[in-house]
Amino acid sequence: MSSVMKMNNESSGGDFILVGFSDQPKLEKMLFVVVLICYLLTLVGNASIIVVSSVDPMLHTPMYYFLTNLSFIDLCITTSIAPQLLWNLHGPAKTITRVGCAIQLYASLGLGSTECVLLAVMAYDRYAAVCRPLHYATVMHPRLCQSLVGVAWVSGFGNSLIQGTITLRLPLCGNRKIYNFICEVPTMIKLACVDIHANEVQLFMASLVLVLLPLSLILISYGYIAQAVMRIRSVQAWRKALGTCGSHLLVVSLFYMTVAAVYIHPNNSYAHSQGKFITFFYAVVIPTLNPLIYTLRNKDVKGALKRLVRKGPAIAE
């Protein structure tokens, strides 16, 4: 109780209070170190993939074009959350301004929604590579790739603009305590002092479209991939398919399980229990893991990194 009163005294006029992990001071100290390490690794890992994919001609393919967009999204998601989180974990102040909260809400929702669609696009790319290898270059031509990525970005930030604006327009009647460490729709609508049933239904419907629909397309794509590989009945084909699709499947599993748990979640337990820990995993940990997953399991990326490192001394000379 005293910690909450302290936060109320330290908060300025219209600022929001991010309660976050303030009820567990020892955990806050540990999380500060974890977030700092994860943020630095996210910056280095994703920036490396973007640079290598752009510089190395061997990686100028649809797969790495999509991967570059995914890395950029992960960079932006973490940057929209980690600095504010580090500030709140390190000091006694747990506040965020209304403008900062709005920016964080729009950015995190827009980038997360874009990633949902982009992962489905990447699954279609893997389907074309495995099931239609002879026609891959024709099917995944540059203009189509750019259009698919454009659809992902437009749909993601279109959803953010609609959901975020509706959420921020809700009357709060002085409620400023957010039981999470970031501003996001499921926790923000809980602050409203009016009936939010319509908002919850709207959020659920948006989640069906932008979470479950892309996930269904991913499962369909991998269903066709599994059928194609089983027909070949070759150990080498299995290994190639696993090498081609394994990293993407792992990223999809980690991302969708956590996002679905946050946005399609029972209302009675979200705000005060598992919600913030699940959000922490998909907002901070997963962007750190993605570049590791794609580099450790990918010979092309590892080879490109080695070539880039070798070029460094030559350019310096």
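Further up the page is the structure itself.
Re the overall build of the protein chain
Helix and strand content of the protein chain: twelve helices and three strands. In the protein chain, 77% of the contacts between residues at least 6 apart in sequence involve partners at least 24 apart. Accessible surface computed for the protein chain: about 15900 Å², of which carbon and sulfur atoms make up 68%.

Details of the state of the cysteines
Tallying each qualifying case throughout the model produces two disulfides. A sulfur-sulfur separation of 2.0 Å characterises the disulfide bridge that pairs Cys101 with Cys183. Every disulfide takes its handedness from the sign of the S-S torsion; for Cys101 and Cys183 that torsion is -120 degrees, giving left-handed. One end of the pair, Cys101, is in helix H4 (residues 98-131); the other, Cys183, is in the loop between strand E3 (177-178) and helix H7 (185-188), with 82 residues separating them in the sequence. Residue Cys101 is classed as buried on the basis of its relative accessible area of 0%. The class of Cys183 is buried, set by a relative accessible area of 0%. With a sulfur-sulfur separation of 1.9 Å, Cys173 is cross-linked through a disulfide to Cys193.

Re the packing of aromatic side chains
Within this structure, the stated rule accounts for ten aromatic pairs. Taken together, a centroid distance of 5.9 Å and an interplanar angle of 50 degrees make the contact between Tyr65 and Phe66 tilted. Here the aromatic cluster, defined as three or more aromatic residues joined through ring pairs, consists of Phe21, Phe181, Phe277 and Phe280.

Points about helix H8 (residues 197-232)
Helical geometry: 3.6 residues make up each α-helical turn, so side chains three or four residues apart lie on a common side. Taking 1.5 Å of rise per residue, 36 residues should cover 52 Å, and H8 covers 51 Å from first to last C-alpha, within 8% of that figure. The axis of H8 is deflected most strongly, by about 30 degrees, at Leu208.

Examining the pattern of salt bridges
Between side chains of opposite charge, pairing is possible as soon as their charged atoms come close. Evaluated as defined, the whole model comprises four salt bridges. Across the pair Lys276 and Asp23 runs a salt bridge, and its minimum N-O distance is 3.8 Å. Here Asp23 lies in the loop between strand E1 (16-18) and helix H2 (25-55) and Lys276 lies in helix H11 (residues 275-296), a separation of 253 residues in the sequence. As a salt-bridge pair, Glu28 and Lys94 come within 2.8 Å of each other at their nearest N and O atoms. With Glu28 in helix H2 and Lys94 in the loop between helix H3 (62-90) and strand E2 (95-96), the pair connects residues that are 66 residues apart, well separated along the chain. Residue class for Glu28 comes out buried when judged on its relative accessible area of 9%.

Overview of a nonpolar patch on the surface
Taken together, Val209, Leu213, Leu217, Ile220 and Tyr224 make up a surface patch of nonpolar side chains, about 480 Å² in accessible area. On the basis of relative accessibility, which here comes to 45%, the residue Leu213 falls in the partly exposed class.

Notes on the sheet that holds E3
Taken together, three strands build an open sheet; the order of strands is E2-E1-E3 and the sheet is mixed. Where the open sheet ends on each side, the last strands, each with one partner, are E2 and E3. Taken together, the two bridges between E1 and E2 define a ladder with antiparallel strand orientation. Following the sheet pairing, Ile17 is matched in E2 by Thr95.

Concerning the side chain of Glu115
Inspection of the secondary structure puts Glu115 in helix H4. Residues within four places of Glu115 in sequence aside, it is in contact with Leu70, Ile73, Asp74, Ile77, Phe255 and Asn290.

Quick word on the environment of Gly100
Within the element layout of this structure, Gly100 appears in helix H4. Look at Gly100 and you get partly exposed, because its relative accessible area is 23%. Gly100 sits 83 residues away from Cys183 along the chain, and the two C-alpha atoms are 9.0 Å apart.

Comments concerning the packing of H3 against helix H6 (residues 142-168)
Direction vectors running N to C along H3 and H6 enclose 20 degrees, while the axes themselves pass 10 Å from each other. Comparing their axes, H6 and H3 come out roughly parallel. For the crossing formed where H3 meets H6, the hand is right-handed. On H6, the residues touching Pro62, Tyr65, Phe66, Asn69, Phe72 and Ile73 of H3 are Cys145, Gln146, Val149 and Trp153. Of the residues assigned to the contact of H3 with H6, the class counts are eight nonpolar, two polar and no charged.

Things to note about the nonpolar core
By size, the foremost hydrophobic cluster in this structure holds 82 residues, and its most contacted members are Leu119 and Phe280. Looking at this core, the element that brings in the most residues is H4, giving 13 residues. In contact with Leu119, other than residues within four places in its own chain, are Leu70, Ile218, His248, Val251, Val252, Phe255 and Tyr256.

A short note on the environment of Arg126
By the element assignment, Arg126 lies in helix H4. Owing to a relative accessible area of 6%, Arg126 belongs among the buried residues under this scheme. Spatially, the C-alpha atom of Arg126 lies 7.9 Å from that of Met63, the residues being 63 residues apart in sequence. Ignoring anything within four residues of it in the chain, the contact list for Arg126 reads Met63, Tyr136, Tyr222, Ile225, Thr244 and Cys245.

Criteria and thresholds
All residue numbers here refer to positions counted from 1 along the written sequence of the relevant chain. Local features in a predicted model are, by the rule used here, given only for residues with pLDDT of at least 70; side-chain atom pairs are given and counted only at 80 or more, and totals for whole chains, interfaces and linings are based on all residues. Side-chain metrics in this entry use all non-hydrogen atoms of the structure; hydrogen atoms and water are not considered. The way it works is that DSSP assigns letters per residue, a run of H or I at least four long becomes a helix, a run of E at least two long becomes a strand, and they are numbered from the N terminus. Contacts are assigned to residue pairs that have any heavy atoms within 4.5 Å of one another. Areas reported here follow the Shrake-Rupley algorithm with a probe of radius 1.4 Å; residue values treat only the protein chains shown as occluding. The disulfide definition used here is simple: a pair of cysteine sulfur atoms within 2.5 Å. Only protein chains enter the calculation, and the probe is 1.4 Å; a residue is then buried if its accessible area is under 20% of its type maximum, exposed if over 50%, and partly exposed in between. Any two rings among Phe, Tyr and Trp, with Trp reduced to its six-membered ring, count as a pair given centres within 6.5 Å; such a pair is stacked if its planes are under 30 degrees apart, edge-to-face if over 60, and tilted if neither. The length a helix should cover is 1.5 Å for every residue beyond the first. Bend at a given residue is defined as the angle between two axes, one fitted to the seven residues that end at that position and one fitted to the seven that begin there. Within this document, salt bridges are pairs made up of a side-chain nitrogen of Lys or Arg and a carboxyl oxygen of Asp or Glu, the two lying within 4 Å of each other. The patch calculation keeps residues exceeding 30% relative accessible area without a salt bridge and links them within 9 Å when they carry like charges or within 5 Å when they are nonpolar (Val, Leu, Ile, Met, Phe, Trp, Tyr). DSSP-based pairing: two strands are paired if at least 2 bridges between them are found. Throughout, an axis means a line fitted to C-alpha atoms (over the contacting stretch in the case of helices), and angles, computed between N-to-C directions, take values from 0 to 180 degrees. Orientation is classified from the angle alone, with under 35 degrees giving roughly parallel, over 145 giving roughly antiparallel, 65 to 115 giving roughly perpendicular, and any other angle giving oblique. Left-handed describes a crossing whose near helix is turned anticlockwise from the far helix by less than a right angle; the clockwise case is right-handed. Classification used: nonpolar for Ala, Val, Leu, Ile, Met, Phe, Trp, Tyr, Cys and Pro, charged for Asp, Glu, Lys and Arg, polar for all others including Gly. The term nonpolar core refers to a set of buried residues drawn from Ala, Val, Leu, Ile, Met, Phe, Trp, Tyr and Cys, joined through side-chain atoms within 4.5 Å.

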